[in-house]
Amino acid sequence: MERVSVRLRIQRERWPRPALILTDTPRPRCPDCHGIGGWAHTCVSPEGEYDGTDWFECFCWDSGKRWKILPVPHFRRTGYSDEPPF
Ligand SMILES: [Zn+2]
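If you're wondering where the values come from, they're calculated on a predicted model, not measured in any experiment.

Undergrad: Just to check I follow, could you spell out the coordination of the zinc ion for this structure?
TA: In ideal tetrahedral geometry, four donors around a metal make angles of 109.5 degrees, whereas ideal octahedral geometry with six donors gives angles of 90 or 180 degrees. For the zinc ion, the full set of protein donor atoms is Cys-30 (SG), Cys-33 (SG), Cys-58 (SG) and Cys-60 (SG), at a range of 2.1 to 2.3 Å. Geometry at the zinc ion is tetrahedral, judged from the four donor atoms that bind it and their angles of 107 to 114° at the metal.

Next comes the structure, spelled out in structure tokens:
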């Protein structure tokens with residue numbers, strides 16, 4: 001499968017700490033995930049019981065590609081900061 005390009009999008013992240021990040025995004029017209037970015041697969045144990053749901057990430061994007069561009073300050077300070085300055 002061929003990855004054509006990286007489509008970056010600015011997202012606001014709340015976890016592990018508030019920040020603005022750049023992320024790769026799924027291809028809107030991906031024939032496999034239809035822009036959703038992946039699909040869920042319900043697992044069934046050998047006994048036939050529900051065994052959780054696996055999320056398969058589509059090949060058209062890489063959710064590991066993310067760059068923090070701006071930490072967003074908290075209004076309620078926690079009293080410490082180990083954030084390196086950007
Ligand atoms: Zn896809």
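That covers the picture; the talk isn't over yet.
Undergrad: What is the right way to look at the pattern of salt bridges in this model?
TA: Side chains that differ in charge, positive against negative, can pair when their charged atoms come close. According to the stated counting rule, one finds two salt bridges in the structure shown. Taking the shortest distance from any N to any O, the salt bridge between Arg-66 and Glu-13 comes out at 2.3 Å. Separated by 53 residues along the polypeptide, Arg-66 in strand S5 (residues 66-71) and Glu-13 in strand S1 (residues 8-13) bring together distant segments of the chain. One salt bridge connects Asp-62 with Lys-65, and the closest N-O pair in it is separated by 3.8 Å. Of the residues examined, Asp-62 reaches a relative accessible area of 24% and is grouped as partly exposed.

Undergrad: Would you take a moment to explain the pairing of strand S4 (residues 50-57) for this structure?
TA: Taken residue by residue, a regular strand's side chains alternate between the two faces of the sheet. Strand direction decides the pairing type here: strand S3 (residues 38-44) and S4, joined by six bridges, are antiparallel. Bridge pairing in S4 places Thr-42 opposite Thr-53. Here S3 folds back onto S4, and the loop between the two strands holds five residues, one of which, Gly-48, carries a positive phi near 85°.

Parameters and conventions
Residues numbered from 1 in each chain as written. Predicted model: local features only at pLDDT ≥ 70, side-chain atom pairs only at ≥ 80, totals over all residues. Heavy atoms only, no water. Donors = N, O, S within 2.8 Å, 3.2 Å for Na, K, Ca; no water. Tetrahedral: all angles 85-135°; square planar, octahedral: opposite > 155°, others 65-115°. Salt bridge = Lys/Arg side-chain N within 4 Å of Asp/Glu carboxyl O. Helix = DSSP H or I, 4+ residues; strand = E, 2+ residues; numbered from the N terminus. Buried < 20%, exposed > 50% of the residue type's maximum accessible area, 1.4 Å probe, protein only. Pairing = 2+ DSSP bridges.

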